[in-house]
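What follows is the residue order along each chain.
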Amino acid sequence: MIPDGYTDLAPGKIASVVTYLEMLERPLLPDVSSSGVRLLPVQDPELDWYRARYRRAGAAWLWFSRLEMTDAQLAAALHNSNIEFFLAECERSEIGIAELDRSQSPNVEVTSFALFSEAIGKGFGRPFMTQLLDLAWSDSTARVWLHTCSLDGPMALSFYMKCGFRPYKRAIEVADDPRIRGILPEDAAPQVPIIR
């Protein structure tokens, strides 16, 4: 356990508070058919195509876990029958990505959910999440869960709670800064200073 008080990080490290959230029953989902938002399943995405969208969705929030994977590791993660990857569109423009992991049935993890920066604040998030939850809650699903962290968008945690997720656990994640390691450009996430 981490003791109360402040804990210093070594130069080159980043840290975030991770909040885990869950939903234990299928929520009443509103009709979002008139929103114009569509979720398109993407079967076995090409790795470069996937990395470009993952970087587009997450560089501002220091998402790096999938970017540091080798081709073999990423292919194994994505080209798996338990993984469902979706591209969100509105009026034929890409607006975000999402991923469901069914490997721990009857639990379904929302492993990623992100709007691209140009789509944030335009009312797309709720219809996007509504459609994703509709897909996540199959007949055998008993629980849908996800996690977000203090490096994610400032509205992420409250958005998930408004969608019906309830927090159940916190953790601290410490990692090498992906900008120093060259996984993300140094100008990514300027709200998080680089400390060498």
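Residue numbers restart at each chain and count upward from 1, following the sequence in its written direction. Predicted model: local features are reported for residues with pLDDT of at least 70 only, side-chain atom pairs are reported and counted for 80 or more only, and whole-chain, interface and lining totals are derived from all residues. No hydrogens and no water enter the side-chain calculation; it runs on all heavy atoms of the structure.

(A) Expanded view of the packing of helix α1 (residues 47-58) against helix α2 (residues 71-78). Axis definition: a line fitted to C-alpha atoms, limited for helices to the stretch in contact. Angles are taken between N-to-C directions and run from 0 to 180 degrees. Helix and strand labels come from DSSP, where a helix needs a run of H or I of at least four residues and a strand needs a run of E of at least two; each type is numbered from the N terminus. Where α1 meets α2, the closest approach of the two axes is 11 Å, and the angle between their N-to-C directions is 85°. Between α1 and α2, the angle falls in the class roughly perpendicular. Seen from α1, the contacting residues are L47, Y50 and R51; seen from α2, they are D71, L74, A75 and L78. Classification convention: Asp, Glu, Lys, Arg as charged; Ala, Val, Leu, Ile, Met, Phe, Trp, Tyr, Cys, Pro as nonpolar; all other residues, Gly among them, as polar. Taken together, the residues that form the contact of α1 with α2 break down as five nonpolar, no polar and two charged. Every angle not falling under 35 degrees, over 145, or within 65 to 115 is termed oblique; those three ranges are roughly parallel, roughly antiparallel and roughly perpendicular. Residue contacts follow a heavy-atom distance rule, with two residues in contact if any of their heavy atoms lie within 4.5 Å.

(B) Up close: a nonpolar patch on the surface. A patch is a set of surface residues, each over 30% in relative accessible area and not in a salt bridge, joined within 9 Å for like charges and within 5 Å for the nonpolar side chains Val, Leu, Ile, Met, Phe, Trp and Tyr. We get accessible surface area from the Shrake-Rupley algorithm with a probe of 1.4 Å; when it comes to residues, only the shown protein chains can shield them. The salt bridge criterion pairs a side-chain nitrogen of Lys or Arg with a carboxyl oxygen of Asp or Glu, the two atoms within 4 Å. A cluster of nonpolar side chains, contributed by I2, L9, V17, I172 and V174, occupies part of the molecular surface with about 420 Å² of accessible area. You can see I172 is positioned in strand β7 (residues 166-176).

(C) How the structure looks around the sheet that holds strand β3 (residues 83-90). DSSP-based pairing: two strands are paired if at least 2 bridges between them are found. Ordered in space as β2-β3-β4-β5-β6-β1-β7, the seven strands form an open sheet in which the pairing is mixed. Here the strands that pair on one side only, and so sit at the sheet edges, are β2 (37-42) and β7. Put simply, the sheet's adjacent strands are angled 25° from each other on average, direction ignored. By the bridge criterion, ten bridges tie strand β1 (residues 13-23) to β7 in an arrangement that is antiparallel. Across the sheet, the residue bridging to Y20 is K169, located in β7. Contacts between α1 and the sheet are confined to β2, β3, β4 (93-104) and β5 (107-115), with β4 contributing the most and set at about 105° to the helix.

(D) Structural view of the state of the cysteines. Disulfide: a pair of cysteine sulfur atoms within 2.5 Å of each other. Counted under the stated rule, the structure contains zero disulfides. There is no disulfide at C90, and the cysteine sulfur nearest it, in C163, is 17 Å away. The rule is simple: take the accessible area with a 1.4 Å probe, protein chains only, and divide by the maximum for that residue type; under 20% is buried, over 50% is exposed, in between is partly exposed. Owing to a relative accessible area of 9%, C90 belongs among the buried residues under this scheme. Here C149 is not cross-linked by a disulfide; its sulfur's nearest cysteine counterpart is in C163, at 18 Å.

(E) Representation of the layout of surface pockets. When its volume is computed, the largest pocket comes out at roughly 1,100 Å³. The wall of the largest pocket is formed by 45 residues, among which W63, F113, T148, D152 and Y160 lie closest to the centre. Within the residue set of the lining of the largest pocket, elements represented by two or more residues are β1, α1, β4, β5, β6 (143-149), α4 (156-162) and β7. By residue number, the principal contributor to the lining of the largest pocket is β5, which donates seven residues. Looking at side-chain class alone, the lining of the largest pocket contains 26 nonpolar, eleven polar and eight charged residues. Whether a set of points on the 1 Å grid over the protein atoms alone is a cavity depends on a 1.4 Å probe fitting there but being unable to get out, while an open set qualifies as a pocket with protein on both sides within 12 Å along at least five of seven lines; lining residues are those with an atom within 4 Å of a point. Grid points are joined across faces, edges and corners, and a volume is the space filled by probe spheres set on the points. Of the pockets and cavities examined, the second largest pocket occupies roughly 240 Å³. Elements with a contribution of two residues or more to the lining of the second largest pocket: β1 and β7. Among the elements that take part in the lining of the second largest pocket, β1 stands out by supplying three residues, more than any other.

(F) Here's a closer look at the pairing of β6. The buried fraction of β6 is high, at six of seven residues. Of the pairings in the sheet, the one linking β1 to β6 comprises six bridges and is antiparallel in character. Looking at the pairing, Y20 lines up with H147 of β6. Looking at chain direction, β5 and β6 are connected through three bridges and run parallel. In the sheet register, N107 faces β6, and the bridge partner there is R143.

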